[in-house]
Amino acid sequence: MSSRNVLLAPDHRAAAPGIYKALRALEAEVATRRRASGTASVLTVQEAQRSVSRSLEALGGAVDYVQLVDAASLRPLAAGADLAAGPPMVLLAVAVVFGRVRLIDNLEIQGRA
């Protein structure tokens, strides 16, 4: 357990693993959209950020940020960009506050195949 996690209240400690689950859920959604064809498969950066934010808020945390950037350059992706057609690797980075503790996590997600 990280040093920050020991500072969490028991209910927040129970919710904290949901952060990684929210990141993995977006990873799965991007993979699904990448395999699909047609315009219905588009998942924009803004939609992805909103989806992850909602998942994190449902855990009871206050979202500090949800960022999607090019994993190679760390440049932010445009809000309207399609994740499945973007750079080959995307970094999803989040920060969530539970009580007085700020937790951060990130995950590299395959973008364009």
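For the structure, see preceding data.
Quantities reported herein were computed from a predicted structural model and do not represent experimental measurements. (Residues numbered from 1 in each chain as written. Predicted model: local features only at pLDDT ≥ 70, side-chain atom pairs only at ≥ 80, totals over all residues. Heavy atoms only, no water.)

Chemist: How should I be thinking about the sheet that holds strand β2 (residues 89-98) in this particular structure?
Modeler: To summarise the sheet geometry, strands pair through backbone hydrogen bonds and adopt either a parallel or an antiparallel arrangement. As summarised here, the arrangement of the 3 strands in space is β1-β2-β3, forming an open sheet in which the pairing is antiparallel. Sheet topology places β1 (62-70) and β3 (101-110) at the edges, where each strand pairs with a single neighbour. Neighbour-to-neighbour, the strand axes of this sheet turn through a mean angle of 15 degrees, independent of strand direction. Relative to β3, β2 is paired through 10 bridges, and the arrangement is antiparallel. What sits directly across from Met89, in β3, is Gln110. Packed on one face of the sheet, helix α2 (residues 17-35) meets β1, β2 and β3 and runs near 20 degrees to β3. Lying over the sheet, helix α3 (residues 45-58) contacts β1 and β2, oriented at roughly 150 degrees with respect to β1. (Pairing = 2+ DSSP bridges. Helix = DSSP H or I, 4+ residues; strand = E, 2+ residues; numbered from the N terminus. Axes fitted to C-alpha atoms, helices over the stretch in contact; angles between N-to-C directions. Contact = heavy atoms within 4.5 Å.)

Chemist: Whenever I open this one, the nonpolar core confuses me. Can you help?
Modeler: One broad rule of soluble globular proteins: the nonpolar side chains tend to lie buried together. One finds Ile19, Leu26, Leu56, Leu68, Leu83, Leu92 and Val94 to be the most contacted residues of the largest nonpolar core, which totals 26 residues. Of all elements in the fold, only α2, α3, β1, β2 and β3 reach the threshold of two or more residues within this core. Leave out the neighbours within four places in its chain, and Leu68 touches Leu26, Val45, Ala48, Gln49, Pro76, Leu77, Leu83, Val90, Leu91 and Leu92. (Core = buried A, V, L, I, M, F, W, Y, C linked by side-chain atoms within 4.5 Å. Buried < 20%, exposed > 50% of the residue type's maximum accessible area, 1.4 Å probe, protein only.)

Chemist: How should I be thinking about unusual backbone geometry in this particular structure?
Modeler: Residues other than glycine seldom take positive phi values, yet Leu74 does so here, at roughly 65 degrees. Structurally, Leu74 is set in the loop between β1 and β2.

Chemist: It is not clear to me how the environment of Glu108 should be interpreted in this structure. Could you clarify?
Modeler: Locating Glu108 in the fold gives a position in strand β3. Accessibility expressed as a relative area gives 46% for Glu108, which makes it partly exposed. In the structure, Glu108 is positioned 39 residues away from Val69 in sequence and 9.6 Å away in space, judged by C-alpha atoms. With residues near it in sequence (within four places) discarded, Glu108 still touches Glu27, Ala71, Met89, Val90 and Leu91.

Chemist: What's the story with α2 in this structure? I'm lost.
Modeler: Residues three or four positions apart in an α-helix share a direction because the helix packs 3.6 residues into each turn. Its 19 residues place the ends of α2 28 Å apart at the C-alpha level, agreeing with the 27 Å of an ideal helix rising 1.5 Å per residue. If you check which residues of α2 are buried, you get Gly18, Ile19, Ala22, Leu23, Leu26, Val30 and Ala31. Its buried side turned inward, α2 meets α1 (10-15), α3, β1, β2 and β3. (Expected span 1.5 Å × (residues − 1).)

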